[in-house]
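# Structural overview for review
Single-letter residue listing:
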Amino acid sequence: MRHLCIILIISFLSGCSSFKDITNPLEKKIPKTNLSSTNLEPIKTIDTELYFYRPKSFLTIGQRVELHFDGKKIGTLGHNKGLHYKTKTGTHNIATKVGLSLGLPVTGLGGACKFSKDFLFTKPKHYFVIKYRMGLLCGEHRILELEEEDYKKLM
């Protein structure tokens, strides 16, 4: 019985090696092209302006929100405050943090947690509002993109 088990194990292991050169029939083969012969232009990066606004919220009356852009702190927002920041187009990470947050029943048991999201900037101007959203363990100061008309209504 032991010999039979050993023979089966060896046959299974040697059988696996025969499948090395099988290709995926669903895989599309893309022919290699010379990129210098095509008329592709490099993507141009332009300056873009970001506008942030934090409306008043009674749930977070004692909190000031730190705004971080690609890991670098760019400012702190209180209630009914705005912030203007210039950067280049492309994908960037924006995060909100609260230094000290008390765990009150209205803000969640853990207070306010960090919120982080990647945004793609393609236009010359982008408008954002920072809204607080309650959570079970902790709430978040979320960053929501707005149209220019909606942003001006908030101001």
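Parameters at a glance
Residues numbered from 1 in each chain as written. Predicted model: local features only at pLDDT ≥ 70, side-chain atom pairs only at ≥ 80, totals over all residues. Heavy atoms only, no water. Pairing = 2+ DSSP bridges. Helix = DSSP H or I, 4+ residues; strand = E, 2+ residues; numbered from the N terminus. Salt bridge = Lys/Arg side-chain N within 4 Å of Asp/Glu carboxyl O. Buried < 20%, exposed > 50% of the residue type's maximum accessible area, 1.4 Å probe, protein only. Patch = residues over 30% accessible without salt bridge, like charges linked within 9 Å, V, L, I, M, F, W, Y side chains within 5 Å. Areas by Shrake-Rupley, 256 points an atom, 1.4 Å probe, with all protein chains shown as cover. Contact = heavy atoms within 4.5 Å. Axes fitted to C-alpha atoms, helices over the stretch in contact; angles between N-to-C directions. Disulfide = S-S within 2.5 Å.

## What to know about the sheet that holds strand β6 (residues 112–113)
- Spatial strand order, β4-β1-β8-β9-β6: five strands in an open sheet with mixed pairing. Only two strands of the sheet have a single partner each, and these edge strands are β4 (81–88) and β6.
- Two elements, strand β8 (residues 125–133) and strand β9 (residues 139–146), share seven bridges in a ladder whose sense is antiparallel. Opposite Lys-131, over in β9, you have Arg-142 as the bridge partner.

## Some details on the pattern of salt bridges
- Evaluated as defined, the whole model comprises four salt bridges.
- Salt-bridge contacts for Asp-47 lead to Lys-88; the nearest nitrogen and oxygen are separated by 2.9 Å. With a gap of 41 residues between them, Asp-47 in strand β1 (residues 47–54) and Lys-88 in strand β4 connect regions that are remote in the sequence.
- Across the pair Glu-140 and Arg-142 runs a salt bridge, and its minimum N-O distance is 3.1 Å.
- Here Arg-142 falls in the partly exposed class, since its relative accessible area comes to 28%.

## Here's the deal with unusual backbone geometry
- One non-glycine residue, Asp-70, lies in the positive phi region at around 50°.
- Here Asp-70 shows up in the loop between β2 (65–69) and β3 (72–77).
- Residue classification places Asp-70 among the partly exposed residues on the basis of a relative accessible area of 43%.
- Residue Asn-80 is not a glycine yet carries a positive backbone phi of 55°.
- Following the sequence through the fold, Asn-80 ends up in the loop between β3 and β4.
- Of the residues examined, Asn-80 reaches a relative accessible area of 43% and is grouped as partly exposed.

## Remarks on a nonpolar patch on the surface
- On the surface, Met-1, Leu-4 and Leu-8 cluster together into a nonpolar patch covering about 350 Å² of accessible area.
- Looking at where Leu-8 falls in the secondary structure, it is placed in helix α1 (residues 2–16).

## Observations concerning the environment of Lys-117
- In this structure, Lys-117 sits in strand β7 (residues 115–121).
- Remark: the alpha-carbon pair of Lys-117 and His-92, spanning 25 residues in sequence, is separated by 8.4 Å.
- Not counting chain neighbours up to four residues away, the residues in contact with Lys-117 comprise His-92, Asn-93 and Ile-94.

## Points about the sheet that holds strand β5 (residues 90–98)
- Pairing within the open sheet is antiparallel, and its four strands lie in the order β3-β2-β5-β7. Only two strands of the sheet have a single neighbouring strand rather than two, namely β3 and β7. Across this sheet, the average inter-strand angle for adjacent strands is 25°, counted without regard to direction.
- As paired strands, β5 and β7 are joined by seven bridges and run antiparallel to one another. Among the inter-strand pairings, Gly-90 is bridged to a residue of β7, identified as Phe-121.

## Structural notes on the state of the cysteines
- The tally for this structure, following the rule as stated, stands at one disulfide.
- Cys-113 shares a disulfide with Cys-138; S-S distance 1.7 Å. Between Cys-113 and Cys-138, the S-S dihedral sits near -110°, and the bridge is therefore left-handed. Placement of the pair is Cys-113 in strand β6 and Cys-138 in the loop between β8 and β9, with a sequence separation of 25 residues.
- Accessibility expressed as a relative area gives 25% for Cys-113, which makes it partly exposed.
- The exposure class of Cys-138 is partly exposed, given its relative accessible area of 21%.

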